[in-house]
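Structural characterization, general
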Amino acid sequence: MKDFSNLQINQLIVHRVFKRSDTGEIVQPEYSLNPIELDESKKRVIRERLVSALGKNSKSLEMDIIRKDNGSTIDLISRLYNCSKGSFTDISKEIAYKLAMAQTLSRIPDCALFIITGTHSNDNIPFSCI
């Protein structure tokens, strides 16, 4: 797993993604208008949870990305690094809509989608977390 020392949170936004309608139609996500401003205590809680969920002692899995073309989710994620608040919000909305499109089963429940960017390690390597 990754080295999460010196983990810094730069931006965080939360959107709501809903399960499909009874007829199988996509329900428009509820988008946040701006990233959430976090004080140090809230950043600390998020850092602790990320390290717990993704750190060396977790049971998280690494994955291979198949679709890497323009407009893919990984392409959108890569555009999140070092972007303005406005761009971050717009790109995060695209990611939320892609999740709504991908969840084709009506048994998948509504969810809150957290999108976080920041840096980690002593080299301040950028990361994103969805």
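The antiparallel open sheet is built from 3 strands, whose spatial order is S1-S2-S3. What marks the edges here is a single partner per strand, and that holds for strand S1 (8-17) and strand S3 (125-129). Shown here is a sheet whose adjacent strand axes are inclined to one another by a mean of 10°, direction ignored. Pairing geometry for strand S2 (residues 111-120) and S3, over 5 bridges, is antiparallel. Along S3, the bridge assignment pairs threonine 117 with serine 128. Contacts from helix H1 (residues 40-54) reach S1, S2 and S3 within the one sheet, and its direction differs from that of S1 by about 80°.

With respect to the helices, strands and loops of the structure, serine 72 is situated in the loop between H1 and helix H2 (73-80). We classify serine 72 as buried; its relative accessible area is 1%. A distance of 2.7 Å separates the side chain of serine 72 from the backbone oxygen of aspartate 69, its partner in a polar contact. Residues contacting serine 72, with those up to four places away along its chain left out, are Arg67 and Lys98.

Cut-off values and rules
Residues numbered from 1 in each chain as written. Predicted model: local features only at pLDDT ≥ 70, side-chain atom pairs only at ≥ 80, totals over all residues. Heavy atoms only, no water. Pairing = 2+ DSSP bridges. Helix = DSSP H or I, 4+ residues; strand = E, 2+ residues; numbered from the N terminus. Axes fitted to C-alpha atoms, helices over the stretch in contact; angles between N-to-C directions. Contact = heavy atoms within 4.5 Å. Buried < 20%, exposed > 50% of the residue type's maximum accessible area, 1.4 Å probe, protein only. Polar contact = N/O pair within 3.5 Å; in protein donor to acceptor, adjacent residues only side chain to side chain.

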